[in-house]
Amino acid sequence: MSTLGNSTNIFWQECQVGKIDRQKLLNQKGCVVWITGLSGSGKSTLACSLSKELHSRGKLSYVLDGDNLRHGLNKDLCFKPEDRAENIRRTGEVAKLFADAGLICLASLISPYRKDRDMCRAMMNDSNFIEVFMNMPLELCEERDPKGLYKLARAGKIKGFTGIDDPYEPPLNCEMEIKQIDGVCPAPIAMAGQVVSYLKGRGFLES
Ligand SMILES: Nc1ncnc2c1ncn2[C@@H]1O[C@H](COP(=O)(O)OP(=O)(O)O)[C@@H](O)[C@H]1O
Ligand SMILES: [Mg+2]
């Protein structure tokens, strides 16, 4: 008998086709690119641009975007700390499955708490988890404010908004950092190019 979490009598089912076989089929290595940063820092922009760049190179990726996941899988969750943690845990588990499927999974979520991101890293082989920090100043994000959320948060109409009245804990040991150069944010295609170079250099774009 086996007990796992809240379940009993659970056994792992092995199949003949495994991750290595799927990677050979796709000629790439499954991994998770975890994009973290403030709202408005460009996470979704990077994820979409990166997905396009990879697609044009014949590489299969899939974007798990925080906002999109809250339309379905995570629609029962709000923004209190426990729900933020559960949001990240579920996304991490799904990202792990996508990576096991052989895909380059692009997860773009604020994921403000270090321990939640580290929990996702701990779920998988460390070298398959590539944490990308969108290191953009709050002033830039607030100036962009494409959804008008900072304005609402400043006016007290949204409570617990990351960067305003809820903390963002920057990574201490991330694989990559995207930041402004001489006060200018690199164009989306240039940000994507940095990540493509990283993936290429570490052999993820071949099986
Ligand atoms: N590299 C960039 N250069 C210029 N504008 C950008 C860049 N990245 C994002 N933006 C703009 O900033 C805003 C926020 O980007 P978005 O990707 O939605 O952020 P997030 O997903 O982190 O909330 C959008 O209006 C987007 O067009
Ligand atoms: Mg976004």
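Criteria and cut-off values
- Residues numbered from 1 in each chain as written.
- Chains lettered and ligands numbered in written order.
- Predicted model: local features only at pLDDT ≥ 70, side-chain atom pairs only at ≥ 80, totals over all residues.
- Heavy atoms only, no water.
- UniProt positions renumbered as here; feature names shortened; annotations may be inferred.
- Helix = DSSP H or I, 4+ residues; strand = E, 2+ residues; numbered from the N terminus.
- Near = heavy atom within 4 Å.
- Polar contact = N/O pair within 3.5 Å; in protein donor to acceptor, adjacent residues only side chain to side chain.
- Areas by Shrake-Rupley, 256 points an atom, 1.4 Å probe, with all protein chains shown as cover.
- Pairing = 2+ DSSP bridges.
- Axes fitted to C-alpha atoms, helices over the stretch in contact; angles between N-to-C directions.
- Contact = heavy atoms within 4.5 Å.

As for the UniProt feature "domain: APS kinase" (unreviewed entry) in the protein chain
Then, number 1: Under the local residue numbering, the UniProt record ascribes the feature "domain: APS kinase" (unreviewed entry) to residues 29–179.
Then, number 2: In this annotation, residues 29–179 is assigned 40% helix and 18% strand; the end-to-end C-alpha distance for the span is 27 Å.

Focus: the site of ligand 1
Then, number 1: Lining the immediate surroundings of ligand 1 are 15 residues, of which Gly-40, Lys-43, Ser-44, Thr-45 and Pro-186 lie closest.
Then, number 2: A distance of 2.7 Å separates an oxygen atom of ligand 1 from a polar backbone atom of Gly-40.
Then, number 3: Residue Pro-186 places a main-chain N or O atom 2.7 Å away from a nitrogen atom belonging to ligand 1.
Then, number 4: For ligand 1, whose free accessible area comes to 560 Å², the fraction covered by protein is 72%.
Then, number 5: Those elements that place two or more of their residues in the shell around ligand 1 are helix H2 (43–56) and helix H8 (188–201).
Then, number 6: When residues in the shell around ligand 1 are grouped by element, the largest group, three residues, is from H2.

Quick word on the environment of Glu-86
Then, number 1: Looking at the secondary structure, you find Glu-86 in helix H4 (residues 81–100).
Then, number 2: For the pair Glu-86 and Gly-102, spaced 16 residues apart in sequence, the C-alpha to C-alpha distance is 24 Å.
Then, number 3: A distance of 2.9 Å separates polar atoms of two side chains, one belonging to Glu-86 and the other to Arg-89.

Things to note about the sheet that holds strand E6 (residues 129–135)
Then, number 1: Read from one edge to the other, the open sheet built from five strands follows the order E4-E5-E3-E6-E7, with strand pairing classed as parallel. The sheet is open, and its two edges are formed by strand E4 (61–65) and strand E7 (176–179), each paired on a single side. The sheet shows a mean angle of 20° between the axes of neighbouring strands, taken without regard to direction.
Then, number 2: Where E4 lies against strand E5 (residues 104–108), five bridges are found, and the strand directions are parallel. Within E5, the residue paired with Val-63 across the bridge is Leu-106.
Then, number 3: Sheet strands in contact with H4 are strand E3 (31–36), E4 and E5, and its direction is about 145° off that of E3.

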